[in-house]
Amino acid sequence: MSTTIFTNGHIYTGDPRHLFVQSVVVKDGLVHDLGSDADMLLQWGRGDAKIIDLHGHTATPGLIDSHLHLGWLGLSFLQLDLRQAASKDEMLGLIKQKAEETAAGEWIVGFGWDENLFKDGRAIPTLEELDRVAPHCPIMLARICGHAHLVNSKTLEAIGYHEGMEVPAGGVIELDPATGKPTGTFLETASNLVKPHIPKPDYEKLKTALRRSIRYALEHGLTGAHTEDLRDLGGLAQTYRLYDELINQEGLALRCNLLVYYPFMDELSTLGMKAGYGNSHVQIGAVKIFADGALGRRTAYLSAPYADDLSTSGYPVHEQEELTELVRQARRLDMPIAVHTIGDKALEMVLDSLDQFPAAPYRDRLIHTQIVRPDLLERLKHPSRIADIQPRFLAGDFPWVIDRVGEERIKYAYIWKTMLDMGIICAGGSDTPVEPLDPLLGIHAAVTRKAPGETHAGYLPEEKLTMEEAIRLFTLGGATVTSEDHCKGTLSRGKYADMTVYSHNLFTMDPDQLLETKAVMTVIGGQVCYSR
């Protein structure tokens, strides 16, 4: 067994028995020993031991993103990126520029627009405006949250739109109240009417896109990722094959847990897969379900109307009986569920369904849990349930979300400190490409409760996490979600030797220095998979 010793580091282990050490000794991909440089080199530094000098840099257990979309991220590199559009006119200009480069009839697929960032107000492009800048080609433009899409008349032609067209359950085609005609906005599952008409990338293009996103994750210090990709990568069998070829055969090494979108449960059963199927680098995760939408377009399901639009409380993607049936189907397969739930009413519905079934062998996760009424907190506190939170959402949602949900309800939003103090198990993710992948941005949002560049004391500052608490979200939290806290999440003897090494000392810096900090080394199973 070859020996590798990482020395001369300021290494936070996450293990209270030895919280900070200088050296970590690795054998066969596992932490074999750890302690001071002098002791570790004396005991293990003889013979053919490989010594890797960390040059005094800070390291932590390997960072794990508990919720993202690597397939979507990879494909987004090929799409029109609208994330930087600061006004409607700027957004239309980007679409026009892309249209001028696009042949008639070819699709323009884009993502990332966010009307809450528009300096000229929150009006989004209309069907007519989209037709003016792209008259000759169909378009499909996803909002930053992925829960709303913009289309033009060419797209309506492509899908054969007609008055009274049936819309998938949980979806809405917005109509102009004056004319009864589409405005160009498709909400939630209405986008499923469009997606089958967009040409699919071939297998090699998908593989190239996914390879790029995996490398991008490694460059940002991630050693693990829980990713939901089946809709983007062509179903369960093909998605598993792509990850197996890239990670197990090409050696990209990132430890990936693959969520299974619920319509693919039959394929899951046919292939004989269940949670934990695979190996330590590629394995099947939970069944992914959507309970509601997002706050941005008021599709998140609240228990009372939106403060800035009393005509709606949002709506559920599935009615209670249907949601319960999906949980029942997952349990028949011995599968945990991972449910997108942003509004408090949606969370209540999911908990009502979960309460009817025994726990699965792996933990269920409630993804986002942005608005949590006090009466729901105790129900969320359960050893088989995880609050899978995305701290970076705070930076993107405030301050406009205060007007959206109201001063009273905002007290129960993004309450991560309260949840941790109550003993609710939490994990941290990015939901990239909805938010930037860089986990240090999520840690910054959790610790400061503000967006980069803001100088105030933080939104709901009493909910700030300590640096150690925030790091645990992205280390031990990510391992606990998949019931792998016995083998990763801390640097402890016998666990995977996964580490992230940083350019700055996370534990002595001003938190805003996180914005300047980079991952300088990513170590998985004792192997350096990325080095700056």
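Values in this document were obtained by computation on a predicted structure and should not be read as measured data.

### A short note on the overall build of the chain
- Within the chain, the regular secondary structure consists of 18 helices and 24 strands.
- Taking 2.2 N^0.38 as the reference for a compact globule, 532 residues should give roughly 24 Å; the C-alpha atoms of the chain span a radius of gyration of 23 Å, in line with that estimate.
- In terms of its C-alpha atoms, the chain occupies a principal-axis envelope of roughly 80 × 50 × 50 Å.
- Taking all 532 residues of the chain together, 60% fall into the buried category.

### A look at helix α3 (residues 88–100)
- Under the 1.5 Å per step criterion, the end-to-end length of α3 is 18 Å for 13 residues, consistent within 8% with the ideal 18 Å.
- Turning to α3, its buried residues number three or more, namely K88, M91, L92, I95 and A99. Seen along its axis, α3 keeps its buried residues to an arc of 95°; they face one direction. Those residues of α3 that are exposed and angled more than 90 degrees off the buried face are D89 and E100.
- On its buried side, α3 packs onto β9 (80–81), β10 (108–113), α4 (127–133), β11 (139–143) and β12 (148–151).

### Digging into helix α6 (residues 203–219)
- For α6, with 17 residues, the first-to-last C-alpha span of 24 Å sits near the 24 Å given by 1.5 Å per residue.
- Y203, L206, K207, A209, L210, R211, S213, I214, A217 and L218 are the residues of α6 that are buried.
- Those residues of α6 hidden inside the fold are in contact with α2 (70–76), β15 (222–228), α7 (230–233), α8 (236–249), β23 (519–524) and β24 (527–531).
- Just downstream of α6, G221 is the residue with a positive phi angle, here 85°.

### Quick notes on the sheet that holds strand β1 (residues 3–7)
- Pairing is mixed in the open sheet, where four strands are placed in the order β5-β4-β1-β6. Two strands close off the open sheet at either side, each with one partner strand: β5 (30–35) and β6 (50–53). Strand-to-strand twist of the sheet, defined as the mean angle between neighbouring strand axes without regard to direction, takes the value 20°.
- Where β1 and strand β4 (residues 23–27) come together, four bridges link them in antiparallel fashion. Paired with T3 across the bridge in β4 is K27.
- Running over the sheet, helix α1 (residues 37–44) touches β1, β4, β5 and β6 and is turned about 125° from β5.

### Overview of the packing of helix α10 (residues 320–332) against helix α11 (residues 344–354)
- Between α10 and α11, the least distance of the axes is 9 Å, while the angle of their chain directions is 50°. Taken together, α10 and α11 sit at an angle that is classed as oblique. The crossing of α10 and α11 is right-handed. Contacts between α10 and α11 involve Q320, L323, T324, V327 and R331 from the former and M349, V350, D352, S353 and L354 from the latter.

### Some remarks on the side chain of R409
- Along the chain, R409 falls in the loop between α14 (400–405) and α15 (416–421).
- Side-chain polar atoms of R409 contact the backbone oxygen of A304, separated by 3.0 Å.
- At a separation of 2.8 Å, a polar atom in the side chain of R409 contacts the main-chain carbonyl oxygen of P305.
- If we skip the residues at most four places from it in the chain, R409 touches L302, A304, P305, Y306, A307 and I371.

### Focus on the environment of K381
- With respect to the helices, strands and loops of the structure, K381 is situated in the loop between α12 (374–380) and β20 (385–389).
- Owing to a relative accessible area of 40%, K381 belongs among the partly exposed residues under this scheme.
- Sequence-wise, K381 and G423 are 42 residues apart; in three dimensions their C-alpha atoms are separated by 6.5 Å.
- Apart from the residues within four sequence positions on either side, K381 is in contact with M422, G423 and I424.

### Side note on the pattern of salt bridges
- What the rule picks out here adds up to 35 salt bridges.
- Between D344 and R373 there is a salt bridge, with the nearest N and O atoms lying 3.2 Å from each other. In this pair, D344 sits in helix α11 while R373 sits in the loop between β19 (364–368) and α12, placing the two residues 29 residues apart along the sequence.
- What makes R373 buried here is its relative accessible area of 17%.
- Via salt bridges that share partners, D344, K345, E348, R373 and D375 belong to a single interconnected network.

### Details of the packing of α6 against α8
- Across the interface, α6 lies against α8 with an axial gap of 10 Å and an inter-helix angle of 55°. Taken together, the axis directions place α6 and α8 in an arrangement best described as oblique. Relative to α8, α6 is oriented so that their crossing is right-handed. Residue-level inspection shows Y203, L206, K207, L210, R211 and I214 of α6 in contact with α8, the latter providing Q238, R241, L242, Y243, E245, L246 and I247.
- Among the residues making up the contact of α6 with α8, the classes are represented as eight nonpolar, one polar and four charged.

### Things to note about the packing of aromatic side chains
- Taken as a whole, this structure holds 10 aromatic pairs when the rule is applied.
- Ring plane angle 80° and centroid distance 6.1 Å describe the contact between Y261 and F290, whose orientation is recorded as edge-to-face. Highlighted residues: Y261 in strand β16 (residues 255–261) and F290 in strand β17 (residues 282–290), separated in sequence by 29 residues.
- Note on Y261: relative accessible area 11%, which makes it buried.

### Topic: the pairing of β20
- Of all five residues in β20, five are buried, a share of seventy percent or more.
- Neither face of β20 is open: one carries R385, A387 and I389, the other I386 and D388, and all of them are buried.
- Note that β19 and β20 share four bridges and pair parallel. Its bridge partner lying in β20, D364 is registered against R385.
- Regarding the hand of the β-α-β motif, the stretch spanning β19, α12 and β20 is right-handed.
- In this sheet, strand β21 (residues 426–428) lies alongside β20 in parallel orientation, the contact comprising three bridges. Pairing of I389 across the sheet is with G428, part of β21.

So, how was this worked out
- Residues numbered from 1 in each chain as written.
- Predicted model: local features only at pLDDT ≥ 70, side-chain atom pairs only at ≥ 80, totals over all residues.
- Heavy atoms only, no water.
- Helix = DSSP H or I, 4+ residues; strand = E, 2+ residues; numbered from the N terminus.
- Rg over C-alpha atoms; globule rule 2.2 N^0.38 Å.
- Buried < 20%, exposed > 50% of the residue type's maximum accessible area, 1.4 Å probe, protein only.
- Expected span 1.5 Å × (residues − 1).
- Arc of directions from axis to C-beta.
- Contact = heavy atoms within 4.5 Å.
- Pairing = 2+ DSSP bridges.
- Axes fitted to C-alpha atoms, helices over the stretch in contact; angles between N-to-C directions.
- Parallel < 35°, antiparallel > 145°, perpendicular 65-115°, else oblique.
- Left-handed = near helix turned anticlockwise from the far one by under 90°.
- Polar contact = N/O pair within 3.5 Å; in protein donor to acceptor, adjacent residues only side chain to side chain.
- Salt bridge = Lys/Arg side-chain N within 4 Å of Asp/Glu carboxyl O.
- Nonpolar A, V, L, I, M, F, W, Y, C, P; charged D, E, K, R; others polar.
- Phe/Tyr/Trp six-rings, centres within 6.5 Å; stacked < 30°, edge-to-face > 60°.
- Right-handed = clockwise from strand over helix to strand, strands pointing away.

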